[in-house]
Number of protein chains: 2
Amino acid sequence: MNAELTIQQYLEQQAQLVEAALLASIPGIWDIPQTLRESMMYSLMAGGKRLRPILMLAAVEALEGQIAAAMPVACAVEMIHTYSLIHDDLPAMDDDDYRRGKLTNHKVYGEAMAVLSGDALLTHAFYSVVQAYRVYQVPAERVVDIIEDLSRLAGAPGMVGGQAADMQGEQGLTRLEELEYIHMHKTSDLIVFSLKAGGHLAGANAKQLQALEKFGYNIGLAFQIQDDILDLVGDEKKLGKPVKSDEKQQKVTYPFFVGIEASQAKMRELTEQGKQAILDAEFPFSKRLLQLADFLVKRDR
Amino acid sequence: MNAELTIQQYLEQQAQLVEAALLASIPGIWDIPQTLRESMMYSLMAGGKRLRPILMLAAVEALEGQIAAAMPVACAVEMIHTYSLIHDDLPAMDDDDYRRGKLTNHKVYGEAMAVLSGDALLTHAFYSVVQAYRVYQVPAERVVDIIEDLSRLAGAPGMVGGQAADMQGEQGLTRLEELEYIHMHKTSDLIVFSLKAGGHLAGANAKQLQALEKFGYNIGLAFQIQDDILDLVGDEKKLGKPVKSDEKQQKVTYPFFVGIEASQAKMRELTEQGKQAILDAEFPFSKRLLQLADFLVKRDR
């Protein structure tokens, strides 16, 4: 399936699939205040790599599962990711004016609407997951498992916890372990959710679910280290925000603790171990998962 | 069951049951940043009438269902209500320093943490609903129905939509219909969810679910009209915030359109019609539901 596309072509094709589904993800017949709907869609359709949904769909493909039935869950994880960016950009948080070269949500719609559209996207993610059951007959037990994972990995013991630790850590982290806690929860947890949900949807066995989880934590941390490196040395235009914005805000990053070279070595090691976990669990079609792992650490934005 | 308690004693007893469950609702073994956990619990345990959980439990009682299995869902609706108050109080929204006589969340923990603890409570509500299945063996299909209702009635087409319309309406509403839209979504939707979820949990038939929905919309609007009246004429100490704070912010309320007397008549009419719907649907034990409807419009805070 799509085996002949290059990884770049594959990424573009999958992003388009996801964006078509996102465009239709908020029922048109719902009576929603116009500005709220616009504000939600503004950020949901503001581009980005659609990495989390693509990883979920790749996990489904690896098990030769049904892509269409996974799409509502793929949309859900992108809604969660999008709401977290809207709230992160708020003046009280990172106070960013631009994201991916576009004005942030609160710069366009105001702070109050940005808070509310973030809340609405977060809530709507759970509605979207339920549609896998309602529209595609995914068994209710499986959907409940997915909702439990999402609420944990996106919540206080997961992504929000990582974000809170990051915020408090801006006064200065003193240990690498603290930074790894932040990266694990702020970034990896939602990537792990995406991969495990793909596994749940496609009927993965216990060994495969475990492999997807290990793969997720490894490439999640590798992804974040690459992000830290790109922030230090990357090209401003490609990142869509001023380089070193994290350093300016005195954020402590992975290279700060161990240097760029050791960071790159760590990144490669994590990626290889993640890929090995997938190989060991014998998926019917793991090619795209493995390519995605390589892509993440080679990307330049 | 508890038939001998006065409505005041009943309210106190139920609130205590709910608060005991809320206290234990965030697993102690979860590795959550200390300040985030404190900030969540600060608002979750800040008092309040626990009206939505109590209505849910009363619906369960009316159908002679199992209270314990409903408790995780009762906690969930209180988490949603609490997160909405934390975000409403933010400087970018209503900018309130006090709520129920206590400092608001952002006055204690700062704005960023208030945004995050709201996000975390909203997310955790869905985890809590899932526990009805995980711990109390409520069928997965029923739990998925409840999650779909919650995500819709608390989301963009529900509570958040009402909040957005309210915010935009602060520039001046010109029609009573606009105010009723706001009240219906900002207040009634979550009350309707509570009653319907109680029905779902206790195996209500279609007629009973419909009656719970009508009852919910009626007492929800009556509740909100009473709130508007209390804001105009109520006693400052009992409300825990300065009287007329809504008028000061030039919010348009129900009495603004039709006067206090007609508002009170409307309130009584809504309550009677709501109670009649319950009586017509023949619940095995509807006494507490009916008493709660009366209590809501007679309360002085």
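Residues numbered from 1 in each chain as written. Chains lettered and ligands numbered in written order. Predicted model: local features only at pLDDT ≥ 70, side-chain atom pairs only at ≥ 80, totals over all residues. Heavy atoms only, no water.

Novice: Lay out the overall build of chain A in plain terms, naming residues and giving numbers.
Specialist: The number of helices and strands found in chain A is 14 helices and two strands. Relative to the globule expectation of 19 Å for 301 residues, the C-alpha radius of gyration of chain A, 18 Å, shows essentially globular dimensions. Here the C-alpha coordinates of chain A stretch approximately 50 × 50 × 35 Å along the principal axes. The buried share among the 301 residues of chain A stands at 61%. Of the roughly 11600 Å² that chain A leaves accessible, carbon and sulfur atoms contribute 49%. Averaging the coordinates of the 30 positive side-chain charges in chain A and doing the same for the 41 negative ones gives two points 3 Å apart. (Helix = DSSP H or I, 4+ residues; strand = E, 2+ residues; numbered from the N terminus. Rg over C-alpha atoms; globule rule 2.2 N^0.38 Å. Buried < 20%, exposed > 50% of the residue type's maximum accessible area, 1.4 Å probe, protein only. Areas by Shrake-Rupley, 256 points an atom, 1.4 Å probe, with all protein chains shown as cover. Lys, Arg positive; Asp, Glu negative; His and termini not counted. Charge placed at Lys NZ, Arg CZ, Asp CG, Glu CD.)

Novice: Let's hear about the relation of the copies chain B and chain A: which residues, and what values?
Specialist: Its rotation angle being 180°, the transformation that places chain B on chain A also includes 0.0 Å of axial translation and leaves an RMSD of 0.0 Å. Expressed as a symmetry operation, the mapping of one chain copy onto the other fits a two-fold axis. The position closest to the rotation axis in chain B is occupied by the C-alpha of alanine 140 of chain B, lying 2.7 Å away. By residue overlap, the copies meet face to face through one surface: 100% of the interface positions of chain B are interface positions in chain A. (Least-squares fit on C-alpha atoms with pLDDT ≥ 70 in both. Contact = heavy atoms within 4.5 Å.)

Novice: Tell me about empty space enclosed by the protein, and name the residues and values.
Specialist: All names here are of chain A. This structure, assessed with the given rule, holds four cavities of 30 Å³ or more. Considering the residues around the largest cavity, the lining is formed by 16 residues, among which Ser43, Ala46, Asp89, Arg99 and Arg100 are closest to the centre. At the level of secondary structure, the elements contributing two or more residues to the lining of the largest cavity comprise α2 (34-44), α4 (67-88) and β2 (102-103). In terms of residue count, α4 provides more of the lining of the largest cavity than any other element does, four residues in total. (1 Å grid on protein atoms, 1.4 Å probe; cavity = no way out; pocket = protein on both sides within 12 Å on 5 of 7 lines; lining within 4 Å. Points joined across faces, edges and corners; volume = space filled by probe spheres on them.)

Novice: Go over the interface of chain B and chain A, please, and point to the residues and values.
Specialist: The accessible area lost on association of the parts is a frequent measure of interface size. With 49 residues of chain B in contact, the opposing surface of chain A contributes 49 residues. Summed over both sides, the interface of chain B with chain A buries roughly 4200 Å², with 73% coming from carbon and sulfur. At the surface where chain B touches chain A, the tally comes to four salt bridges. Scanning the region where chain B abuts chain A turns up 13 residue pairs in polar contact (both at pLDDT 80 or more). (Buried area = accessible area lost by both parts, 1.4 Å probe. Salt bridge = Lys/Arg side-chain N within 4 Å of Asp/Glu carboxyl O. Polar contact = N/O pair within 3.5 Å; in protein donor to acceptor, adjacent residues only side chain to side chain.)

Novice: Describe the environment of alanine 68 of chain A, and please don't skip the residues or the numbers.
Specialist: Mapping alanine 68 of chain A onto the fold places it in helix α4. For alanine 68 of chain A, a relative accessible area of 34% gives the class partly exposed.

Novice: Can you lay out unusual backbone geometry for me, pointing to particular residues and giving the numbers?
Specialist: Residue and element names in this part refer to chain B. The phi dihedral of glutamate 64 is positive, around 55°, even though this residue is not glycine. Its identity as a non-glycine residue notwithstanding, glutamine 137 has a phi of 60°, on the positive side. Mapped onto the elements, glutamine 137 comes out in the loop between α6 (111-134) and α7 (140-153).

Novice: I'd like a rundown of a negative patch on the surface, residues and numbers included.
Specialist: Together, Asp95 and Glu111 of chain A together with Asp95 and Glu111 of chain B make up a region of like negative charge exposed at the surface. Of note, aspartate 95 of chain B is situated in the loop between α4 (67-88) and β1 (98-99). Take aspartate 95 of chain B: its relative accessible area is 44%, and that puts it in the partly exposed class. (Patch = residues over 30% accessible without salt bridge, like charges linked within 9 Å, V, L, I, M, F, W, Y side chains within 5 Å.)

Novice: Can you tell me about the packing of aromatic side chains, naming the residues and giving the values?
Specialist: Residues and elements named next belong to chain A. Taken as a whole and judged by the stated rule, the model has seven aromatic pairs over all chains. Ring geometry for tyrosine 42 and tyrosine 109: centres 5.6 Å apart, planes at 75°, overall edge-to-face. Pair noted here: tyrosine 42 is in helix α2 and tyrosine 109 is in helix α5 (residues 105-109), with a separation of 67 residues, a long-range link. On the basis of relative accessible area, tyrosine 109 is assigned to the partly exposed category, the value being 22%. Their ring planes at 90° and their centres at 5.4 Å tell us that phenylalanine 256 and phenylalanine 257 sit as a pair that is edge-to-face. Given a relative accessible area of 26%, phenylalanine 257 falls into the partly exposed group. (Phe/Tyr/Trp six-rings, centres within 6.5 Å; stacked < 30°, edge-to-face > 60°.)

Novice: Kindly report on helix α3 (residues 51-62) of chain A, identifying the contributing residues and their values.
Specialist: All names here are of chain A. Compared with an ideal rise of 1.5 Å per residue, which puts twelve residues at 16 Å, α3 spans 16 Å between its outermost C-alpha atoms and is within 8% of the ideal. With twelve of twelve residues buried, α3 is to be regarded as a mostly interior element. Looking at α3, one finds that the buried residues are Leu51, Arg52, Pro53, Ile54, Leu55, Met56, Leu57, Ala58, Ala59, Val60, Glu61 and Ala62. Among the structural elements, α1 (7-23), α4, α9 (176-201), α10 (206-233) and α14 (287-298) are those in contact with the buried residues of α3. Looking at the residues trailing α3, positive phi occurs at glutamate 64, about 55°. (Expected span 1.5 Å × (residues − 1).)

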